[in-house]
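Listed below, chain by chain, are the residues.
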Amino acid sequence: MEDKSLLDVLFDEENDDNIILLDSQGKRTEFEQVAIIPVEDKCYAILHPVEKIDGVEEDEVIVFYLDEENECLRPAPQSEAVAVFEEYERLLNEEE
């Protein structure tokens, strides 16, 4: 089986595998993919933690932005996360 990069997994519409991210201390956290949302000149990933994370409710998601230069995901600032989630909800409403 071929190892895929984080970007390959995120942007492959056929792939819904969970994503494992490492924090600065090397702790692994597994996330379910919810959506990829482009807003202005950035691309964001909305991810749902598989296991409980302190400070994150069971039904909450976390918004990350794609740091293309380093090919990694970084937590989005709160103001950006709110705008991204609003765009996500708008797109969901359009589909209905």
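Being a predicted model, the structure only gives us computed values, none of them experimental. (Residues numbered from 1 in each chain as written. Predicted model: local features only at pLDDT ≥ 70, side-chain atom pairs only at ≥ 80, totals over all residues. Heavy atoms only, no water.)

**Some details on the nonpolar core**
Step number 1: By size, the foremost hydrophobic cluster in this structure holds 13 residues, and its most contacted members are I19, L21, F31, L47, F64 and L73.
Step number 2: Of all the secondary structure elements, the ones that give two or more residues to this core are α1 (6-11), β1 (19-22), β3 (42-49) and β4 (62-67).
Step number 3: Not counting residues up to four positions away in its chain, the partners in contact with L47 are I19, L21, F31, E32, Q33, V34, V61, I62, F64 and L73.
Step number 4: Formed by nine residues, the second largest nonpolar core is a distinct cluster that contains I37, V63, A81 and V84. (Core = buried A, V, L, I, M, F, W, Y, C linked by side-chain atoms within 4.5 Å. Buried < 20%, exposed > 50% of the residue type's maximum accessible area, 1.4 Å probe, protein only. Helix = DSSP H or I, 4+ residues; strand = E, 2+ residues; numbered from the N terminus. Contact = heavy atoms within 4.5 Å.)

**Describing the sheet that holds β1**
Step number 1: If you walk across this open sheet you meet the five strands as β1-β2-β3-β4-β5, and the pairing is antiparallel. The sheet terminates laterally at β1 and β5 (72-75), the two strands that pair on one side only. Across the sheet, the mean angle from the axis of one strand to that of its neighbour is 50°, orientation sign disregarded.
Step number 2: When β1 meets strand β2 (residues 28-39), the two strands line up antiparallel, connected through four bridges. Bridge pairing links I19 to F31 in β2.
Step number 3: Sheet strands in contact with helix α2 (residues 78-95) are β2, β3 and β4, and its direction is about 70° off that of β2. (Pairing = 2+ DSSP bridges. Axes fitted to C-alpha atoms, helices over the stretch in contact; angles between N-to-C directions.)

**Points about the environment of P75**
Step number 1: Summarising the element assignment, P75 is placed in strand β5.
Step number 2: Take P75: its relative accessible area is 57%, and that puts it in the exposed class.
Step number 3: Along the sequence, P75 and Y44 sit 31 residues apart, while their C-alpha atoms lie 9.4 Å from each other.
Step number 4: Discounting chain neighbours no more than four positions away, the residues touching P75 are V63, F64 and Y65.

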